[in-house]
Amino acid sequence: MTKTPFNTMIHAPNRLQICALLESTKELEFHIIKEQLDVSDSVLSKHLKVLEDADYIRIIKKTEFTRQRTWLSLTSLGRKAFKSHLEELKRIVGKI
């Protein structure tokens, strides 16, 4: 059996939740993720920066009605990394 990598980049609780939220949709707005995680803008931004630097998420700024909005989506690499991480978690938990 091939062991999938435990992804410490994704495993941090907030980043794991971000990936889980984005995995089930094409994109979500920043404020929706912020509300779901119940964190400040700065905390969310720091976690997003880590995921963006790993090329796991894409951050898109859109202007709508003169207001700039931030949209987030998982990249194909991010989806693959998230799926692999979930498989590894299931493998670990399965041994308990």
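Values in this document were obtained by computation on a predicted structure and should not be read as measured data.

Take the sheet that holds strand 2 (residues 57–64) next. Taken together, the three strands give an open sheet; going across it, the order is 1-3-2, and neighbouring strands pair in antiparallel fashion. Every interior strand has two partners, whereas the edge strands, strand 1 (28–29) and strand 2, have only one. The sheet contact formed by strand 1 and strand 3 (residues 67–74) spans two bridges and is antiparallel. The residue of strand 3 that forms the bridge with Leu28 is Leu72. Contacts from helix 4 (residues 41–53) reach strand 2 and strand 3 within the one sheet, and its direction differs from that of strand 2 by about 120 degrees.

This part is about helix 4. Between its terminal C-alpha atoms helix 4 stretches 18 Å, which fits the 18 Å expected from 13 residues at 1.5 Å a residue. All buried positions along helix 4 are accounted for by Leu44, His47, Leu48 and Leu51. In an axial view of helix 4, the angular spread of the buried residues amounts to 100 degrees, which keeps them on one side of the axis. Turned more than 90 degrees off the buried face of helix 4, the exposed positions are Lys46 and Asp53. At its buried positions, helix 4 is contacted by helix 1 (8–11), helix 2 (13–23), helix 3 (30–37), strand 2 and strand 3. Within two residues after helix 4, Asp55 carries a phi angle of roughly 65 degrees, on the positive side.

Quick look at the packing of helix 2 against helix 4 now. Here helix 2 crosses helix 4 at 75 degrees, and the two axes come no closer than 10 Å. Judged by the inter-axis angle, helix 2 sits roughly perpendicular to helix 4. In this structure, helix 2 contributes Asn14, Arg15, Ile18 and Cys19 to the contact, and helix 4 contributes Val43, Leu44, His47, Leu48, Val50 and Leu51. Partitioned by chemical class, the residues of the contact of helix 2 with helix 4 number seven nonpolar, two polar and one charged.

Quick notes on the rules
Residues numbered from 1 in each chain as written. Predicted model: local features only at pLDDT ≥ 70, side-chain atom pairs only at ≥ 80, totals over all residues. Heavy atoms only, no water. Pairing = 2+ DSSP bridges. Helix = DSSP H or I, 4+ residues; strand = E, 2+ residues; numbered from the N terminus. Contact = heavy atoms within 4.5 Å. Axes fitted to C-alpha atoms, helices over the stretch in contact; angles between N-to-C directions. Expected span 1.5 Å × (residues − 1). Buried < 20%, exposed > 50% of the residue type's maximum accessible area, 1.4 Å probe, protein only. Arc of directions from axis to C-beta. Parallel < 35°, antiparallel > 145°, perpendicular 65-115°, else oblique. Nonpolar A, V, L, I, M, F, W, Y, C, P; charged D, E, K, R; others polar.

These results come straight from atomic positions and should not be treated as a statement about function.
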